[in-house]
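Residue-level structure breakdown
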Amino acid sequence: MNQEIRKLYARIETLEKENNILANGNSSGLDLFSHSKDGILIFDSEETIVDVNPSFAESIKMDKQQLIGRSLCEIVPENKHFKLEKQKELLKKNNSVRGILPVYSGTSIIEFDFATSTLNESGLFMCILRDVTSKRRLERKVKKNEELYADLFIEALDGIIFWCSNGEIIDANEAACRIFECTHDELIKRQVKDFVYEKSERYRNIVKEMFIKGSIRDELVFLMPNGQFKSLEFTVKLNSVEGYHMTIFRNVSERHAMEKSLRESEQKFRMVFEGALEGILLWNDQFQIVDINQSGQRMLQMSKEDLVGISLHSILNDCNITDDELKEQIRSIHSDGQSDGNLSITLKSGRKKFFEFSNKLNIFSNISMTTFKDITEKLEMEEQLRKSDTLNVIGELAAGIAHEIRNPMTALKGFIQLLEGSVKEDHTMYFNVITTELSRIDSIINEFLILAKPQAVKFVEKDISQIMKETVDLLSAQAVLHNVQFRTYYEQNLPRVFCESNQMKKVFINIIKNAIEVMPKGGYITVSIQKESEQRVHISIGDEGTGIPAHKIKKLGEPFYTTKERGTGLGLMVTYKIIEEHKGTIEVESKLGEGTVFHIYLPI
Ligand code: ADP
Ligand code: MG
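Predicted model only: the values in this text are computed from it and were never measured. Each residue is numbered by its place in its chain's sequence as written, counting from 1. Lettering for chains starts from A, numbering for ligands starts from 1, and both go in the order in which the items are written. At least 70 in pLDDT is required for a residue's local features to be given in this predicted model, at least 80 for side-chain atom pairs to be given and counted, and no such filter applies to totals for whole chains, interfaces and linings, which use all residues. In computing side-chain values, all of the structure's heavy atoms are included and hydrogens and water are not.

Some details on the overall build of the chain
For the chain, the helix and strand inventory stands at 21 helices and 22 strands. Structurally, the chain occupies a C-alpha span of about 185 × 60 × 40 Å along its principal axes. Working definition: with a 1.4 Å probe on protein chains only, accessible area under 20% of the residue-type maximum means buried, over 50% means exposed, and in between means partly exposed. Burial statistics for the chain: of 604 residues in total, 38% are counted as buried. Contacts are assigned to residue pairs with any non-hydrogen atoms lying within 4.5 Å of each other. For the chain, long-range pairs separated by at least 24 residues make up 52% of all intrachain contacts whose partners lie at least 6 apart in sequence. Using a 1.4 Å probe, accessible areas were evaluated by the Shrake-Rupley method; residue-level cover was limited to the displayed protein chains. With the model as given, the accessible surface of the chain reaches about 36,200 Å², and the carbon-plus-sulfur share is 53%. Only four residue types enter the tally: Lys and Arg on the positive side, Asp and Glu on the negative side, with His and both chain ends excluded. For this purpose, a charge sits on NZ of Lys, CZ of Arg, CG of Asp or CD of Glu. Of note, the chain has its 78 positive side-chain charges centred 2 Å away from the centre of its 90 negative side-chain charges. Under the scheme used here, helices are H or I runs from DSSP no shorter than 4 residues and strands are E runs no shorter than 2 residues, and both carry numbers assigned from the N terminus.

Here it is as structure tokens:
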């Protein structure tokens, strides 16, 4: 831009010179009149044109003959007539006038630089005109460029400094003064390098490279006169204006500080995010997963790589929900953009897990957040607690009632026997019913009593497979009766289990009895005992019976839950209670029509 300005200036100068020569040059001689490049116009005191030279006629696109006799007013635009008036006035006073005059040339207007003077005593005036339209245009352009340049320099937000070859600063804009914490005067005559904080190897390399390449862009720390340190980004251009060098500075300290605090806050967020015990899931308005923390990955048993980018509803496999339904649900969320609830998800491993979740919509730029917690264990615990609560209540009740019933029972039994001996008629059938019913009551009461009193149980280390073998032997007669056979697998060298053998026997009896009862047409009962880990042994007892529907499995172990006509619904309750006392757990796996497996885990 500056070179252009310089060129323009040169052009103007030559025009100016030529102009002056003409203006001051002699006005006599016909030769000059007809051959002059400048226009010459002779008019009288009435401003009527008397003569024009060919150059003028040509420049305004008219014939000499057409022009002679016309008034000057006719060839000058009306809004500039005042210039003619002024000329008249000045001619009277000074005999000569100079100025700018616009004249019609066809449909356009030409601007002339003119000089009018009185022509001897003839009463005529001679006006010499030079077309300065393009010169004026150039001048205006130059002025505009200068203004633009000044604007850029002065108003620029970046600091701009010009310096000469010895390094001295010769000009600086306001922004530069602000950056260097100096007044304009303080900055002039100093050198940029005075402000460089460390003249390190890096600094020297930058200078070297700058002289080689002629320009450079880099960043350094500067020390300001007020003791302030600033990181400045700069662009140097050597010989940018008339032998001066230019450097543009930008203060990047704030940007650096901002970047640092941004990094820190990102780190803080990451730590909270990743460290949270709850799973946190971020998703966009397309329901695509954007991010998930470590707890979330653990709970869903999927890695971040697998999750990011996939649709939210593809992990909601249990809900059978379409995208549209999901959208509808999300839309119907409370006005505060929040919703929560429970849902279940079947994980890759096949395990069904229950989650408690809470959604927050649009927490920032279309990103929504779901926090979730695995409540599977909590639900299981609650279920266990509920069961053991009822067991305890039953236990207390039983303790009270069982004894009260037992005593009269003994009396009843004795008298029935006496009666049976003394009655003449044959009532064997009745007596049989009475005795079996009585022994049934007896067994119920016995089971009650197990719940009731924390019996004087002696826990000792026992071989659990030995206990199982004895139980199987005990029940084999009953099994044969129902056409049921045993398949048993006992692992070698099983560790001993700390237990009460009679109670364990009771557990096995209860479960195996149920298994026999559930296979009226016979089948196999599969018993296996193995070491599950260093901590537990795993005992499983499976049948080929009807199976138990999923929603009924929960009810197992509840007192009096039975589906059998003559069942007590106490067997499994006692079983659960005993296993609980042994700090073990029971799991039931069942398929309708295929059979049921009871898994018992006991601590070693
Ligand atoms: P009861 O045998 O007196 O009915 P239990 O507590 O032993 O009482 O069993 C409760 C209920 O659990 C049974 O009535 C039956 O419905 C169900 N059940 C227990 N074991 C099995 C099994 N192996 N297969 C199918 N259902 C079973
Ligand atoms: Mg039973």
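As for unusual backbone geometry
Here asparagine 95, not a glycine, exhibits a phi torsion of approximately 70 degrees, which is positive. With respect to the helices and strands, the residue asparagine 95 is situated in the loop between α6 (81-94) and β3 (96-105).

Section: the sheet that holds strand β15 (residues 367-374)
We treat two strands as partners when DSSP finds at least two bridges between them. Within the open sheet, the five strands sit side by side as β12-β11-β15-β14-β13. Their pairing is antiparallel. If you trace the sheet from one side to the other, it starts and ends with β12 (289-292) and β13 (338-346), each paired once. Along the sheet, successive strands turn relative to each other by an average axial angle of 25 degrees, direction set aside. Note: strand β11 (residues 279-283) against β15, five bridges, orientation antiparallel. Among the inter-strand pairings, isoleucine 280 is bridged to a residue of β15, identified as threonine 371. Each axis is a line fitted through C-alpha atoms, taken for helices only over the stretch in contact, and angles between the N-to-C directions span 0 to 180 degrees. The strands touched by helix α12 (residues 253-275) are β11 and β12; relative to β12, the strand with the most contacts, the crossing angle is about 80 degrees.

Regarding the side chain of glutamate 111
If you trace the backbone, glutamate 111 turns up in strand β4 (residues 108-119). Among residues more than four places away in sequence, those in contact with glutamate 111 are Ile100, Leu101, Pro102, Arg130, Asp131, Val132, Thr133, Arg136 and Arg140.

Here's the deal with the pairing of strand β5 (residues 124-131)
Within β5, six of the eight residues are buried, which leaves it mostly tucked inside the rest of the structure. Taken together, the five bridges between strand β1 (residues 39-43) and β5 define a ladder with antiparallel strand orientation. When the sheet's bridge partners are listed, leucine 41 is paired in β5 with cysteine 127. With eight bridges connecting them, β4 and β5 associate as antiparallel partners. Note on β5: the bridge partner recorded for threonine 116 is cysteine 127. Counting the residues in the hairpin turn of β4 and β5 gives four residues, including asparagine 120, whose phi is positive at 45 degrees.

Concerning the layout of surface pockets
Within this model, the largest pocket holds a volume of roughly 1,600 Å³. A cavity here means a set of points on a 1 Å grid, drawn over the protein atoms and nothing else, where a 1.4 Å probe fits but cannot get out; a pocket is an open set with protein on both sides within 12 Å along at least five of seven lines, and a residue lines either one if it has an atom within 4 Å of a point. Looking at the largest pocket, it is lined by 35 residues, and the ones nearest its centre are Glu380, Ile553, Ile586, Glu587 and Val588. Of all the elements in the fold, those that place two or more residues in the lining of the largest pocket are β14 (352-364), α16 (376-422), α20 (550-553), α21 (571-581), β21 (585-591) and β22 (595-603). With 11 residues, the single largest contributor to the lining of the largest pocket is α16. Grid points are joined across faces, edges and corners, and a volume is the space filled by probe spheres set on the points. By volume, the second largest pocket amounts to about 910 Å³. Together, 36 residues line the second largest pocket, and Asn510, Asn514, Glu517, Thr562 and Lys564 are the ones closest to its centre. For the lining of the second largest pocket, the elements supplying multiple residues, two or more each, are α17 (428-452), α19 (501-517), α21 and β22. With eight residues, the single largest contributor to the lining of the second largest pocket is α19. Class assignment for the residues of the lining of the second largest pocket results in 12 nonpolar, 14 polar and 10 charged. Residues lining the lining of the second largest pocket come from more than one domain, with at least three contributed by each of domain 4 (379-447) and domain 5 (460-603). Think of it as three bins: nonpolar holds Ala, Val, Leu, Ile, Met, Phe, Trp, Tyr, Cys and Pro, charged holds Asp, Glu, Lys and Arg, and polar takes everything else, Gly as well. Here the limits of each domain have been adopted from an automatic or database domain assignment.

Describing helix α7 (residues 133-155)
The periodicity of an α-helix, 3.6 residues per turn, causes residues three or four positions apart to be oriented the same way. Expected helix span is given by 1.5 Å per residue-to-residue step, counting one fewer step than there are residues. Between its first and last C-alpha, α7 extends 32 Å over 23 residues, near the 33 Å set by a 1.5 Å rise per residue. Residues of α7 that are buried: Thr133, Lys135, Leu138, Val142, Asn145 and Phe153.

Quick word on a nonpolar patch on the surface
Together, Val393, Leu397, Ile401, Ile405 and Ile441 make up an exposed nonpolar region whose accessible area comes to about 410 Å². Take the nonpolar patch: its biggest share by element is four residues, from α16. Exposure above 30% relative accessible area and the lack of any salt bridge qualify a residue for a patch; like charges then connect within 9 Å, and the nonpolar side chains Val, Leu, Ile, Met, Phe, Trp and Tyr within 5 Å. Note on definitions: salt bridges are taken to be side-chain nitrogens of Lys or Arg within 4 Å of carboxyl oxygens of Asp or Glu.

As for the site of ligand 1
The near set for a molecule or strand comprises every residue that places at least one heavy atom within 4 Å of it. Around ligand 1, the structure places 17 residues, and the nearest of them are Asn514, Asp543, Thr562, Thr563 and Leu572. The term polar contact refers here to a pair of N or O atoms within 3.5 Å; inside protein, the definition further demands a hydrogen-donor-capable atom paired with an acceptor-capable atom, and it admits residues adjacent in sequence only when both atoms are side-chain atoms. Interatomic distance of 3.0 Å between a backbone N/O atom of glycine 569 and an oxygen atom of ligand 1. Contact with the protein chains removes 93% of the 530 Å² of surface that ligand 1 exposes when unbound. The site holding ligand 1 turns out to be the second largest pocket. For the shell around ligand 1, the secondary structure elements donating two or more residues are α21 and β22. For a cavity or pocket, the test is whether more than half of a molecule's atoms lie within 2 Å of its grid points; if they do, the molecule sits there.

Re the packing of α19 against α21
Relative to each other, α19 and α21 sit at 145 degrees, their axes nearing to 9 Å. Seen along the crossing, α19 lies across α21 with a hand that is left-handed. Residues Gln503, Met504, Lys506, Val507, Asn510, Ile511 and Asn514 of α19 touch α21, and the partners they reach there are Gly571, Leu572, Val574, Thr575, Ile578, Ile579 and Glu581. Taken together, the residues that form the contact of α19 with α21 break down as seven nonpolar, five polar and two charged. In this scheme the handedness of a crossing depends on how the near helix is turned from the far one: anticlockwise by less than a right angle means left-handed, clockwise means right-handed.

Re the sheet that holds β4
Strand order in the open sheet made by the five strands is β2-β1-β5-β4-β3, with antiparallel pairing throughout. One side of each edge strand has no neighbouring strand; the edge strands of this open sheet are β2 (49-52) and β3. Strand-to-strand, the axes of this sheet are offset by a mean angle of 30 degrees, without reference to chain direction. Those strands touched by α6 are β1, β3, β4 and β5, and its axis lies near 155 degrees from that of β3. Sitting on the sheet, α7 is in contact with β3, β4 and β5, with an inclination near 115 degrees to β4.

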